[in-house]
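# Chain and residue survey
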Amino acid sequence: MSGTTRSSADLDPRRRRTLFRAWHRGIREMDLIMGRFADAEIGDLSEEELTQFEALIEVPDRDLFRWLTGEDATPENYDTPVYRRLKSFHRHDAPIHN
């Protein structure tokens, strides 16, 4: 998979921008983690949840990846309900491209 499979036609401009940014992180692993989550959830996120997701998009790839894999502790200010949904969205016992 090389990018989003979700149409953005039904999304408002803020969600379109967030979906694009989720798929264009910088490292491919984070594109897949953030992008797949955004494909599945972006249309259902509340405004507050969208704000939390946008904050996660601002986190450098290396830091966010280490939090998601448990290599580093997640800072309290980023340990939000959306972060926990993102973390549980992906199985950690299999490659992310299955």
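Structural data are supplied above this passage.
The following refers to the structure shown. (Residues numbered from 1 in each chain as written. Predicted model: local features only at pLDDT ≥ 70, side-chain atom pairs only at ≥ 80, totals over all residues. Heavy atoms only, no water.)

### Observations concerning the packing of aromatic side chains
Per the counting criterion, the structure on display carries 3 aromatic pairs. Relative to Phe-89, the ring of Phe-37 has its centre 5.5 Å away and its plane inclined at 85°; by these criteria the two rings are edge-to-face. Of this pair, Phe-37 sits in helix H2 (residues 28-41) while Phe-89 sits in helix H5 (residues 81-89), placing them 52 residues apart in sequence. A relative accessible area of 34% means that Phe-89 is categorised as partly exposed. Between Trp-67 and Tyr-78, the aromatic rings sit 5.1 Å apart at their centres with planes inclined by 35°, giving tilted as the arrangement. Within this pair, whereas Trp-67 is found in helix H4 (residues 61-68), its partner Tyr-78 is found in the loop between H4 and H5, the two being separated by 11 residues in sequence. One aromatic cluster in this structure is built from Phe-37, Phe-53 and Phe-89. (Phe/Tyr/Trp six-rings, centres within 6.5 Å; stacked < 30°, edge-to-face > 60°. Helix = DSSP H or I, 4+ residues; strand = E, 2+ residues; numbered from the N terminus. Buried < 20%, exposed > 50% of the residue type's maximum accessible area, 1.4 Å probe, protein only.)

### Thoughts on the packing of H2 against H5
Contact geometry for H2 and H5: axes closest at 10 Å, N-to-C directions at 105°. Regarding the angle of H2 to H5, the classification is roughly perpendicular. Residues Ile-33, Met-34, Arg-36, Phe-37, Ala-40 and Glu-41 of H2 pack against Val-82, Arg-85, Leu-86 and Phe-89 of H5. (Axes fitted to C-alpha atoms, helices over the stretch in contact; angles between N-to-C directions. Parallel < 35°, antiparallel > 145°, perpendicular 65-115°, else oblique. Contact = heavy atoms within 4.5 Å.)

### Examining the environment of Ala-73
Position of Ala-73 relative to the elements: it lies in the loop between H4 and H5. The class of Ala-73 is exposed, set by a relative accessible area of 68%.

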